[in-house]
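# What the coordinates show
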Amino acid sequence: MGKNIFQLTSKWLYAASGGSIFVGLYHYFRPDESKCEALPDIFFQPSDKWNYNWDKREVSSLVKPCKDEDGSSDQNKIKEEKEKLIPTATRHIFLIRHGQYKDWKNDDKDRKLTPLGHQQAAMVGQRLKQLNFKYTTLIHSSMTRAKETANIVLKYLPTIPVETTDLLQEGNPIPSEPPMGTWREEYKYYEDGPRIEAAFRKYFHRAPATQKADSFDIIICHANVIRFFVCRVLQVAPEAWLRFALHHCSITWVAINPNGHVCVFAVGASGFMPPDKLTRV
């Protein structure tokens, strides 16, 4: 039925326009089979458009406009400067939540991994090794449970450079919408939010032009931080961070392309662990 309607409509358009309108529409809507790209939908208006300069590294924003002595801009110089700054590499970021830990303890130094948490960390270390990427850096939160998880992962990836940072510590990034979970003092969001946002800006951005090969960074931190990062990098409302959960030692894989486009390959992937080893709290 749908095919017949299309055929009738096609004949009507062709007859009414002398062929010109139909040919134009045909070439517009017919996909180019040589490209894996969707054609723009002229009838669709997005509710929220993608910000191509989300990381403040879009090439046009990095070049200062220059002018000749007569006041006219030198477009050739600007073009040359832009070409030097165009990235070619993709940045891959693997966000790992720490293993199960003694969350009933009060002091961070006592909130160590449980025996199960040690097993989970070993399994994610093995999984990362199996993926066989040329990992660039392992960055981890300075909190005890993240440090212990990182040390176990490093047994399987012993040659990776390691960084420790307070920016990735667990916290309350922003009030959630709708409100969920346990009650939090309002001031916590104003203390933790800017720090977690600063971590996002530091670690999530497209590669510089000087980076010639794809990079694969591992970040071991905390559930709230990872969930906030996913919302931010996808440019969805950051208040949505509590709408999904992550297992301990799960893998969230984000790729940032040279043009600033983002692809999330996995969120909280934990299929490499048997069901009896999966925990969230």
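Residues numbered from 1 in each chain as written. Predicted model: local features only at pLDDT ≥ 70, side-chain atom pairs only at ≥ 80, totals over all residues. Heavy atoms only, no water.

## Focus on the pattern of salt bridges
By the definition in use, this model includes seven salt bridges. Across the pair Arg-145 and Asp-108 runs a salt bridge, and its minimum N-O distance is 4.0 Å. Separated by 37 residues along the polypeptide, Arg-145 in helix H5 (residues 144-153) and Asp-108 in the loop between strand S1 (91-97) and helix H4 (115-131) bring together distant segments of the chain. Residue Arg-145 is classed as buried on the basis of its relative accessible area of 3%. Note on Asp-108: relative accessible area 27%, which makes it partly exposed. The closest approach of N and O atoms between Lys-109 and Asp-110, which form a salt bridge, is 3.5 Å. With relative accessibility at 31%, the residue Asp-110 sits in the partly exposed group. One salt-bridge network, held together by shared partners, links Glu-197, Arg-201 and Arg-232. (Salt bridge = Lys/Arg side-chain N within 4 Å of Asp/Glu carboxyl O. Helix = DSSP H or I, 4+ residues; strand = E, 2+ residues; numbered from the N terminus. Buried < 20%, exposed > 50% of the residue type's maximum accessible area, 1.4 Å probe, protein only.)

## Points about the UniProt feature "binding site: substrate" (unreviewed entry) in the protein
Here, the residues flagged by UniProt with the feature "binding site: substrate" (unreviewed entry) are Arg-145. Ignoring any residue separated from it by four or fewer positions in sequence, one finds Arg-145 in contact with His-98, Tyr-101, Asp-108, Arg-111, Leu-113, Glu-170 and His-222. (UniProt positions renumbered as here; feature names shortened; annotations may be inferred. Contact = heavy atoms within 4.5 Å.)

## So, H4
An ideal rise of 1.5 Å per residue puts 24 Å on 17 residues; H4 measures up with 25 Å between its terminal C-alpha atoms. When we look at burial in H4, the residues that qualify are Leu-116, Gly-117, Gln-120, Ala-121, Ala-122, Met-123, Val-124, Gly-125 and Leu-128. Tucked into the core, H4 has its buried residues touching S1, H5, strand S4 (215-221) and strand S5 (251-256). Where H4 terminates, the next one or two residues include Asn-132, which has phi positive at roughly 60 degrees. (Expected span 1.5 Å × (residues − 1).)

## A few points about the side chain of Asp-55
Checked against the element boundaries, Asp-55 lands in the loop between helix H2 (20-29) and helix H3 (75-85). Residue class for Asp-55 comes out buried when judged on its relative accessible area of 10%. With near-sequence residues (within four places) excluded, Asp-55 lies in contact with Phe-204, His-205 and Arg-206.

## Comments concerning the sheet that holds strand S6 (residues 262-269)
Here six strands make up an open sheet; going across it, the order is S3-S2-S4-S1-S5-S6 and the pairing mixed. Pairing within the sheet leaves two strands with one partner each, and these edge strands are strand S3 (162-165) and S6. Looking at each pair of strands side by side, their axes are set apart by 15 degrees on average, direction ignored. With four bridges joining them, strand S2 (residues 137-141) and S3 adopt parallel strand pairing. Across the sheet, residue Ile-139 finds its bridge partner in S3, namely Glu-163. Docked against the sheet, H5 engages S2 and S4, running at close to 155 degrees with respect to S2. This element, helix H7 (residues 223-233), spans S1, S4, S5 and S6 of the sheet and lies at about 150 degrees to S1. (Pairing = 2+ DSSP bridges. Axes fitted to C-alpha atoms, helices over the stretch in contact; angles between N-to-C directions.)

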